[in-house]
Amino acid sequence: MALIKFKVENRDGNIQELEIPDDMSLSLMEALKASEYNILATCGGMALCATCHVQVKEGLDKLPLINEDELDMLDTLPDAMHDSRLACQIRINDKIEGSWFRILGPEHE
Ligand code: FES
């Protein structure tokens, strides 16, 4: 087991470093929710809702390539950028060590 470290920027610009174990096969969306971030994730991680939208401010080139489902879903978002990803499609492993994610999806009440 290794602890994977990465930065998370909240909607208010607050930046925190998270350390998440890599042996629980969590997605970034699940790790953010477990760390008390307000993430809607309506579809539960199926790449069907896009409410887990994040911007990858650092480390985009190290991530596994985006798949078609994720790309199609991101295409539905008016605020998607070239470095947008869905947090539910990113796994917690050494590929995201040192990355910086900014949360963009809507908050729940
Ligand atoms: S949780 Fe729905 S697309 Fe990621």
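### Section: the pairing of strand β2 (residues 15-21)
Bridge count for strand β1 (residues 3-9) against β2 is 7 bridges, and the pairing is antiparallel. Residue pairing in the sheet places K5 in a bridge with E19 of β2. Between β1 and the antiparallel strand that follows it, β2, lie 5 residues; G13 among them carries a positive phi value of about 90°.

### Quick notes on the packing of aromatic side chains
Two descriptors summarise a pair of aromatic rings, namely the distance from one centre to the other and the angle between the planes of the rings. With the rule as written, the count across this model stands at 1 aromatic pair. On the basis of an interplanar angle of 80° and a centroid distance of 5.8 Å, the ring pair of F6 and F101 is categorised as edge-to-face. A residue pair is termed long-range when its members are at least 10 positions apart, and F6 in strand β1 and F101 in strand β5 (residues 100-103) qualify at 95 residues. For the pair F6 and F101, one class covers both residues: buried. Directly above the ring of W100 sits K7, whose terminal nitrogen or CZ lies 4.3 Å from the centroid.

### A word on the environment of P106
With respect to the helices, strands and loops of the structure, P106 is situated in the segment after β5. In this structure P106 comes out as partly exposed when scored by relative accessible area, which is 41%. In this structure, the C-alpha to C-alpha distance between P106 and S27, residues 79 residues apart in sequence, is 18 Å. Setting aside its immediate chain neighbours within four residues, P106 contacts R11, L40 and T51.

About the cut-offs
Residues numbered from 1 in each chain as written. Predicted model: local features only at pLDDT ≥ 70, side-chain atom pairs only at ≥ 80, totals over all residues. Heavy atoms only, no water. Pairing = 2+ DSSP bridges. Helix = DSSP H or I, 4+ residues; strand = E, 2+ residues; numbered from the N terminus. Phe/Tyr/Trp six-rings, centres within 6.5 Å; stacked < 30°, edge-to-face > 60°. Buried < 20%, exposed > 50% of the residue type's maximum accessible area, 1.4 Å probe, protein only. Lys NZ or Arg CZ within 6 Å of the ring centre and 35° of its normal. Contact = heavy atoms within 4.5 Å.

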